[in-house]
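Structural characterization, general
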Amino acid sequence: MSTLDDEDALLAGARPKALRRPLRTILLALLTQYVAIACSVGLTVAVTLHYWVTPQIVATFETLEAAFKRLPPR
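Sequence order as written defines residue numbering, which begins from 1 separately in each chain. With the structure being a predicted model, the display of local features is reserved for residues of pLDDT at least 70 and the display and counting of side-chain atom pairs for 80 or more, all residues being used for whole-chain, interface and lining totals. Note that water and hydrogens are dropped before the side-chain values are worked out from all heavy atoms of the structure.

What follows covers a nonpolar patch on the surface. Residues qualify for a patch when their relative accessible area is over 30% and they have no salt bridge, like charges being joined within 9 Å and the nonpolar side chains of Val, Leu, Ile, Met, Phe, Trp and Tyr within 5 Å. Areas reported here follow the Shrake-Rupley algorithm with a probe of radius 1.4 Å; residue values treat only the protein chains shown as occluding. Each salt bridge in this description consists of a side-chain nitrogen of Lys or Arg and a carboxyl oxygen of Asp or Glu lying within 4 Å of one another. A cluster of nonpolar side chains, contributed by Ile57, Phe61, Leu64, Phe68 and Leu71, occupies part of the molecular surface with about 540 Å² of accessible area. Looking at the element boundaries, isoleucine 57 is found in helix α1 (residues 2-70). What makes isoleucine 57 partly exposed here is its relative accessible area of 43%. Starting at the N terminus, helices and strands are each numbered in turn, a helix being any DSSP run of H or I of at least four residues and a strand any DSSP run of E of at least two. A 1.4 Å probe rolled over the protein chains alone gives each residue an accessible area, and that area as a share of the maximum for its type sets the label: buried under 20%, exposed over 50%, partly exposed in between.

Put into structure tokens, the structure is as follows:
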């Protein structure tokens, strides 16, 4: 009786492993794709802000600063 219980326990333990491996592989592939896309989008946004948006903002503030310096004192 104990050998049947042991065999049933082994079979029950073996079934989820068969399902876990493909599921784990699929989830790992999806996670890898998500991380790769998130990194590329993040780097694109950072480069865009650094090279295009920031100089325009700085130039705008420098123009405002120069305009305020030309105003007569009150």
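Next up on the list: the pattern of salt bridges. Tallied over the full model, the rule gives one salt bridge. For lysine 69, the salt bridge goes to glutamate 65, with nearest N and O atoms at 3.5 Å. Of this pair, lysine 69 and glutamate 65 both sit in helix α1, four residues apart, roughly one helical turn.

Keep in mind that these numbers describe shape and distance, not what the molecule does.
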